[in-house]
Amino acid sequence: MYKVDWIFFLDLHKIFICNMPISKNKIKFIKSLELKKFRKENKMFVAEGNKLIHDNIEFFECKTLIATQEWFDANKNVNASEVIVATKDELSKASFLKTPQDVIGVFSIPEYSLNIDELKNKLSIVLDTIQDPGNMGTIIRLADWFGIENIICSNETTDCYSPKAIQATMGAIARVKIHYTSLSRFLQDMKGCNIYGTFLEGSNIYDTELSHNGLIVMGNEGNGINKDLYEYITHKLHIPNYPPERETSESLNVAIATAIICSEFRRR
């Protein structure tokens, strides 16, 4: 389907294929999307690698797809507004990875509505000021694995559409809706629901009755859950170390803690 000497337009999607070198302006634009300011301004994010492209292209509008001729030969049914054939050297100039992949995609950031009534009947994750993009991406991947469709984040939580977070999701970003909002206002609206928070002084999660619906609140890597949110937590949970009397690490990584808690909720 793709030949490097073709240039054509498709009326509905305006697909543009060319073998011209990636322009400096195009590389500059892609690189600018490393910063939240420009992602927000352009409402776009970058994904790299075969799996991420295939997962995201099914759910999000692909604005630009840049790949080697070999990749296009093996992936003929792609749909993007702009398609550019490039060499591996050209791809490396636009890539955020230490080992560039054969394909880079620029996608539109989706807009989701926050339906309080719908969330009251589901199990969802709430993230309070998570800072590490790797943790963010891993938690999104965990949510996808455990069938959790929504993650509600404080406005101070790291951007899930940063290149590092996107890579860490391994494509799960396409199946989990991420919402950014004021958590105090959101939790106020969710009063009456079971709202679980993780605390060092909480009840042993393995001995605590857990509901099928509700919210799991996970706090900041260093400071835990913001004290302003304590009043909304209806159940304090703790993941005990083993054996209890043994001296151990101060706390678990937030992504690992999220995995343990989600697994326990789904096991019941």
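Residues numbered from 1 in each chain as written. Predicted model: local features only at pLDDT ≥ 70, side-chain atom pairs only at ≥ 80, totals over all residues. Heavy atoms only, no water.

**Regarding the pairing of strand 3 (residues 62–67)**
Burial within strand 3 is extensive, with five of its six residues counted as buried. In terms of strand pairing, strand 3 meets strand 5 (residues 103–108) through five bridges, oriented antiparallel. Counterpart to Ile66 in the pairing with strand 5 is Ile104. In this sheet, strand 4 (residues 82–85) lies alongside strand 3 in parallel orientation, the contact comprising four bridges. For Ala67, the partnering residue across the bridge sits in strand 4 and is Val85. Once you follow strand 3 into helix 4 (residues 69–74) and on to strand 4, the crossover reads as right-handed. (Buried < 20%, exposed > 50% of the residue type's maximum accessible area, 1.4 Å probe, protein only. Helix = DSSP H or I, 4+ residues; strand = E, 2+ residues; numbered from the N terminus. Pairing = 2+ DSSP bridges. Right-handed = clockwise from strand over helix to strand, strands pointing away.)

**What about the packing of aromatic side chains?**
Summed over all chains, the structure comprises six aromatic pairs. Ring centres of Phe45 and Phe107 lie 5.6 Å apart, and the angle between their planes is 25°; on these two criteria the pair is classed as stacked. One end of the pair, Phe45, is in strand 2 (residues 44–48); the other, Phe107, is in strand 5, with 62 residues separating them in the sequence. The exposure class assigned to Phe45 is buried, which follows from its relative accessible area of 0%. Its relative accessible area of 0% is what places Phe107 among the buried residues. Both rings, one in Phe45 and one in Tyr161, keep their centres 5.2 Å apart while their planes meet at 40°; by these two values the pair is tilted. (Phe/Tyr/Trp six-rings, centres within 6.5 Å; stacked < 30°, edge-to-face > 60°.)

**Some thoughts on unusual backbone geometry**
Each neighbour pair has its own omega, and for Tyr242 with Pro243 the value is -15°, a cis peptide bond. Mapping Pro243 onto the fold places it in the loop between strand 11 (235–238) and helix 10 (254–267). Of note in this structure, Met170 is not a glycine but carries a positive phi near 55°. Its location among the elements puts Met170 in the loop between helix 8 (163–169) and strand 8 (177–181).

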